[in-house]
Structure formats: C-alpha cells, structure tokens
Amino acid sequence: MKVLVIGQGGREHVLLWKLARSPSVTKVYCAPGNAGTAIDGENVDIKATDVDRLVKFGQTESIDLTVVGPEAALVNGTVDAFREAGLRIFGPSKPAAELEGSKSFSKELMRKANVPTAEFQTFTGATEAKLYVEEREEMSLVVKADGLAAGKGVIVCQSKEEALAAIDSIMVSREFGEAGARVVIEECLVGQEASILAIVDGHTILPLDASQDHKPALDGDQGPNTGGMGAYCPAPIINDDMMDVIVEKILVPTVHAMNIDNRPFQGILYAGLMITNQGPKVLEFNVRFGDPEAQPVLMRLKSDLAELLKLAADGKLSEAGELEWDSRPAVCVVMASEGYPGSYTKGHVIRGIPEADAIDGVKVFHAGTALHGENIVSDGGRVLGVTGLGENIADAKLRAYQGVKAIRWDGAWCRKDISDKARDFAE
Ligand code: AMP
Ligand code: GLY
C-alpha cells in the first residue's frame, strides 16, 4: 500500500512513522511534512489545504490510503474531494467535520443526544451575549469563539468583567476573525482533563487508550494556553469502568446522532473530557488525532494502524480484531521555541536528535522543523515531541527528559512536569 499523510506537525510525523511500520505499507508520503517525515518517509511540496493538488497527487501516484492530520483540511472538504475522485481516505467529510468546526453545532448535537457536557447558550450578537453574562449568578464562565481558532478561541473567565471583555475581543474586535461571528457561553467545569480518541467507521467505534494533554505553557498548569506542551498515555484517571461510561454515554450517542443528522462520522472522534464529580463531561469534540496525544498513544499501539484505518475508511471496522498495546506507558515532552505561544524566530540549528533517539525507548518526533542542507532547523512554535516508553510512568518520564537533555538549540525550552498528574494514582 502507498500511503499519504496530510499535515506537517508532530501528529503527522508519528502517523507516518507508525504507518510505515505496517507490513502492507510500501511507501509513505507526507504533504507538506517536516524534517522528521523527510527522514522517515518522503515529503511532497503541497500545502495541507491545497485540496486540488493533493487529489491530483493521490491520483498520479495511485495512493491507496490517505490520512488527514489537521482540522483545517477536514473542515475545508479534503475528504469529500478525495472520495469524489475515487480515492480511499481516512477522515470525516466536511459536514461531519462540523463537529469540530462549529462549537455551536457540536453543543446542539450533544444537547439533542443527551451527551453530558457543560450547560451553554449560543449568541450571534454581543449585546445579547453581554446581557446573558450580566444576568448569570455564577462568577466563572467560559466564552468560546464558534469557529476554528487554532485552539486559542476559548477564554476561561473568573469574573463577569473578564467574560464581558472576552465577548468584546471575540465578537467586537474579532480577534479570531470570522470564527467569532458566534459565541458559545458555558458553565465552567472543574476536574481533571483527559483525551479519548476513537477510530470510527460510521457505526463501529474502537476507542484507543486514554491520554492526557498539558495545554498551559508553564509548569503547574500556569501561563497562556498552547497547542499542547506534552502528553502521556495511558491516563490512569480513566479506568475500565470509566471507559465503559464514556463509550456508552458519550461516544455511542454521538456517532448515532451524527447518523440521524445525515452526517455519518468516519475518522477519529476525539472527545476532550473533564472528569467532574458527576462523571465525565465533554469539553469539546475534535475530529482528528490530538497533537501531542497522538505521539504517546501511537507509540504504544502494537496493532497494524494502516490496516485499521483502511478498514475504517471502507466501513469495515467491525472486522478488526482487539487492539494490541505495549504495556509500557509513554510520555511525550514538547520542546518549543523561545517566545511560543507568542511570537518566536525560526531557523535555529538543532543538535542532538540522533543522541536522543539512541536512548533505549526514546523516539523524537518532529513538530516544527525543516531541513536546511545537512542541518535540521527549528521551523515552528512547537519544535519536537520527545517521547519515551518506560516500565512505569516515572521511568517513561525519565527517559523522555533524558532525550530532552541531549537536544539543544538557541531558545529551546519545555515544561518539566509532564505526566506528574498521573502520580496521584497508584501504579
Ligand atoms: P477546548 O478547545 O474547548 O477544549 O477548550 C480549551 C481548554 O479550555 C480546555 O482544554 C479546558 O482546559 C478549557 N475549557 C473549555 N471549556 C471549559 C469548561 N466548560 N469549563 C472549564 N474549562 C474549560
Ligand atoms: N492536543 C489538543 C489538540 O490536538 O487539539
């Protein structure tokens, strides 16, 4: 099988690396890819959102399976275009991708399907939105831009003043552009977060082991939100009983509701959950692998990913056997550019990746890198995801940070406490 991965981050590098290990896969391409995907496969110089050229490439090269990484490529209809051209592709159609592309659509669907989530209201005008905030009794509210905002359109507010300012920045100043034409205002949930990724073929749901992301930039969950500064898998907060509840009360009703709404869901259904005192509640749905969650999750997956995604794309996921996992936990530490998630410079030469890769159990996934001649240079905010497998979480963490220690470039930094939340649970 010839496989094409669309995207250029850490998620795409781990996808390409894992797909390349499938016995049936003969060739892996990544469009546009990064230095890591160029080393482990072959890069194609086509942007992730250039649908026409991607379809043409798929046809010319007779690609047997395409896997879409980023949400923007799903929301703009890449999957629909590939299917129309008769090409096999794993990911949701444009109408199904609305589950991530519009928070108000996703919240309404959850309301209809009785899926546990924060109480909410949707507004298309700033005046009504502000009136609603003024009339609420609680202090903490969450204000969300309706559309895609690269993970930045969510503002957790501790006072009415903050909520009013959030409405202004999203709806009036249009800080996130058209994504702010609508806002969702919801109750603030309290608890620990977890990410559940499930492979779905429209009917059959195959949940992957739970993981946990670290969105804030600084240790102890301080500082501004980022795309994710590290992740680990499995997340011990999700035990088997909790997973059963998540499947029964969240995943099954959501997939069912999407069918009723005539938007059959095929792809990765990613439920971002808050584990509250009243059980798991959905913070958001995404429609693709999480980044960085994909790194620790896929590093532990022993099953043949290419076969699984092919079966899902063909609507035959019920034929897949039980998933096989490496029993060792995995921890992924993101190394970022100085200044991220604010502005940063690119082009710094990175040294030490081979030394980190040589550590037993460690694999360095590239997130924002490029090749400049012989050198690997930084090319994004999140630059590398150093991922370690270990006998337990503490050992996996130790190995990942040994990898981090071997790597250097001007301004490199990372969080030092990735996976510490797992310590609250006995191993
Ligand atoms: P989202 O993009 O919707 O996952 O939101 C980004 C982050 O904002 C989440 O990972 C949570 O940390 C936080 N968040 C979103 N919605 C809520 C909520 N209703 N209550 C508390 N925190 C939230
Ligand atoms: N790690 C969060 C995301 O992929 O949206």
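First things first, this report covers the structure right here in the doc. Only a predicted model underlies this, so the values are computations on that prediction, with no experimental measurement involved.

Bringing the site of ligand 1 into the picture now. The environment of ligand 1 is formed by 15 residues, the closest being Glu186, Glu187, Leu189, Glu193 and Glu284. Contacts to ligand 1 include Lys215, whose side-chain N or O atom sits 3.1 Å from an oxygen atom. Here an oxygen atom of ligand 1 and a side-chain polar atom of Glu284 are 2.8 Å apart. For ligand 1, whose accessible area on its own is 470 Å², the fraction buried by protein is 92%. Among the elements of the structure, strand S7 (141-145), strand S8 (154-157), strand S9 (183-187) and strand S17 (279-286) are those that each provide at least two residues to the shell around ligand 1. The residue makeup of the shell around ligand 1, split by class, is eight nonpolar, no polar and seven charged.

Moving on to the pattern of salt bridges. Under the criterion given, the structure shown has 26 salt bridges. Put simply, Arg423 and Asp420 hold a salt bridge, and the shortest N to O gap is 3.8 Å. Salt bridges linked by common partners bring Asp221, Arg415, Asp417 and Lys421 together as one network.

On to the pairing of strand S4 (residues 65-68). Neither face of S4 is open: one carries Leu65 and Val67, the other Thr66 and Val68, and all of them are buried. Sheet analysis places S4 next to strand S5 (residues 89-90), joined by two bridges and oriented parallel. Residue pairing across strands places Val67 opposite Phe90, the latter belonging to S5.

This part takes up unusual backbone geometry. Looking along the chain, the bond that leaves Ala31 and enters Pro32 is cis, with omega of -5°. The peptide bond linking Asp291 to Pro292 adopts the cis configuration, its omega dihedral lying at 25°. Note on placement: Pro292 falls in the loop between S17 and helix H11 (294-300). Residues other than glycine seldom take positive phi values, yet Ser62 does so here, at roughly 50°. Structurally, Ser62 is set in the loop between helix H3 (51-60) and S4. Residue classification places Ser62 among the partly exposed positions, given a relative accessible area of 47%. A positive phi angle, close to 60°, is found at Asn114, a residue other than glycine. Structurally, Asn114 can be placed in the loop between helix H7 (103-113) and strand S6 (120-123).

Conventions we followed
Residues numbered from 1 in each chain as written. Chains lettered and ligands numbered in written order. Predicted model: local features only at pLDDT ≥ 70, side-chain atom pairs only at ≥ 80, totals over all residues. Heavy atoms only, no water. Near = heavy atom within 4 Å. Polar contact = N/O pair within 3.5 Å; in protein donor to acceptor, adjacent residues only side chain to side chain. Areas by Shrake-Rupley, 256 points an atom, 1.4 Å probe, with all protein chains shown as cover. Helix = DSSP H or I, 4+ residues; strand = E, 2+ residues; numbered from the N terminus. Nonpolar A, V, L, I, M, F, W, Y, C, P; charged D, E, K, R; others polar. Salt bridge = Lys/Arg side-chain N within 4 Å of Asp/Glu carboxyl O. Buried < 20%, exposed > 50% of the residue type's maximum accessible area, 1.4 Å probe, protein only. Pairing = 2+ DSSP bridges.

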